[in-house]
Amino acid sequence: MWIGVVSLFPDMFDALTQQGVVGRAVEKQRIALEFWNPRDYATDRHRSVDDRPYGGGPGMLMKVDTLRAAIFAARERAQQATGLVPTVIYLSPQGRKLDQQGVQALASAGPLVVVAGRYEGIDERVVESDIDEEWSIGDYVLSGGELPAMVLIDAAARLIPGVLGHQDSAVEDSFNDGLLDCPHYTRPEIIDGRQVPDVLLSGNHAAIKRWRLKQSLGRTWQRRPDLLEGRPLDAEQRKLLNEFIEEHAL
Ligand SMILES: CN1CCN(C(=O)c2nonc2N)CC1
């Protein structure tokens, strides 16, 4: 997967590229990550990358010419590297809320150019002319788009074939198949008197798989019932959820 990032702070992405799942994926060339900094396109003495908003008001916006130059350069490189026209993504609270379905769509959308805004954001005309999709990681305001961009890249990278080793398969991930994750346990068997559920010590893999699905269904019902709305359950899933509800009836 090819991802271009437009950011005034490319070094922030070391947190993603120098270690962990994404770092290994870059090393194994499962993912290509390249960066463009609008400041590199500044031509004035102060290397300006921000500009005042028309109509006044607090804060600044990203300067149009340096931002667009960086986006164009990233888009050009994407086509050169992949032969495909990239999808240009902008992270902002005004975007579509990112969820696992959205991540799956982005992970299979071909090359991406991810624009990380700073200041109060970017000119609306740049959104209209140069941005294909606007995405939000949540209803709160951050200092910039770099952390949301890293969230998006990390989540998408996990879905690229060959990125995850068998030991941390995306298949078992929380939100896999639209359900919350089941509880997990490791040594010791007892912590402050709390024991590991017997089924997990039984070695009965069918029973363990059933227990984990039941816990995922039950937790989703308890904590995020919205995820079950309109979600078809097969007979086995319905049976397990009913068992969980009966066991947890107040
Ligand atoms: C200009 N800048 C403002 C702050 N920002 C966000 O709060 C954000 N991005 O994606 N989800 C979010 N929430 C990124 C863009």
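Predicted, not measured: the structure shown is a model, and the values here were computed from it. (Residues numbered from 1 in each chain as written. Predicted model: local features only at pLDDT ≥ 70, side-chain atom pairs only at ≥ 80, totals over all residues. Heavy atoms only, no water.)

### A word on the overall build of the protein
Alright, step 1. Along the backbone of the protein there are eight helices and nine strands.
Alright, step 2. Projected onto its principal axes, the C-alpha coordinates of the protein cover approximately 70 × 40 × 40 Å.
Alright, step 3. In the protein, 74% of the contacts between residues at least 6 apart in sequence involve partners at least 24 apart.
Alright, step 4. Carbon together with sulfur atoms contributes 49% to the accessible area of the protein, which is approximately 14700 Å² in total.
Alright, step 5. Taking the average place of the 28 positive charges on the side chains of the protein and the average place of its 37 negative ones, the gap between the two points comes to 3 Å. (Helix = DSSP H or I, 4+ residues; strand = E, 2+ residues; numbered from the N terminus. Contact = heavy atoms within 4.5 Å. Areas by Shrake-Rupley, 256 points an atom, 1.4 Å probe, with all protein chains shown as cover. Lys, Arg positive; Asp, Glu negative; His and termini not counted. Charge placed at Lys NZ, Arg CZ, Asp CG, Glu CD.)

### Looking at the site of the ligand
Alright, step 1. With respect to spatial proximity, 17 residues lie near the ligand, and among them Leu91, Ile137, Gly138, Tyr140 and Leu142 are the closest.
Alright, step 2. One nitrogen or oxygen atom from the main chain of Leu142 is found 2.8 Å from an oxygen atom belonging to the ligand.
Alright, step 3. The protein chains hide 97% of the 370 Å² of surface that the ligand would expose on its own.
Alright, step 4. Of all the elements in the fold, those that place two or more residues in the shell around the ligand are strand E5 (87–97) and strand E7 (133–136).
Alright, step 5. Top element by residues in the shell around the ligand is E5. It accounts for four residues.
Alright, step 6. Residue classes in the shell around the ligand are distributed as 10 nonpolar, seven polar and no charged. (Near = heavy atom within 4 Å. Polar contact = N/O pair within 3.5 Å; in protein donor to acceptor, adjacent residues only side chain to side chain. Nonpolar A, V, L, I, M, F, W, Y, C, P; charged D, E, K, R; others polar.)

### Details of unusual backbone geometry
Alright, step 1. With an omega of 0°, the peptide bond between Arg187 and Pro188 qualifies as cis.
Alright, step 2. Within the secondary structure, Pro188 sits in the loop between helix H6 (146–157) and strand E8 (190–191).
Alright, step 3. Residues other than glycine seldom take positive phi values, yet Gln29 does so here, at roughly 60°.
Alright, step 4. Position of Gln29 among the secondary structure elements: in the loop between helix H2 (20–27) and strand E2 (32–36).
Alright, step 5. Residue classification places Gln29 among the exposed residues on the basis of a relative accessible area of 71%. (Buried < 20%, exposed > 50% of the residue type's maximum accessible area, 1.4 Å probe, protein only.)

### Considering the side chain of Arg231
Alright, step 1. Positionally, Arg231 belongs in the loop between helix H7 (205–223) and helix H8 (235–247).
Alright, step 2. Once residues within four sequence positions are removed from consideration, Arg231 is found in contact with Asp177, Gly178, Leu179 and Gln237.

### Quick look at a nonpolar patch on the surface
Alright, step 1. There is a patch of nonpolar side chains on the surface, built from Phe9, Met12, Tyr140, Leu142 and Leu147 and spanning about 450 Å² of accessible area.
Alright, step 2. Overall, the relative accessible area of 43% leaves Tyr140 in the partly exposed class. (Patch = residues over 30% accessible without salt bridge, like charges linked within 9 Å, V, L, I, M, F, W, Y side chains within 5 Å. Salt bridge = Lys/Arg side-chain N within 4 Å of Asp/Glu carboxyl O.)

### So, the UniProt feature "binding site: S-adenosyl-L-methionine" (unreviewed entry) in the protein
Alright, step 1. According to UniProt, the positions carrying the feature "binding site: S-adenosyl-L-methionine" (unreviewed entry) are Gly117, Ile137, Gly138, Asp139, Tyr140, Val141 and Leu142.
Alright, step 2. Secondary-structure assignment places Val141 in the loop between E7 and H6.
Alright, step 3. Following the sequence through the fold, Leu142 ends up in the loop between E7 and H6.
Alright, step 4. Residue Leu142 is classed as partly exposed on the basis of its relative accessible area of 37%.
Alright, step 5. When sequence neighbours within four positions are dropped, the list of residues in contact with Leu142 reads Ile137 and Pro148. (UniProt positions renumbered as here; feature names shortened; annotations may be inferred.)

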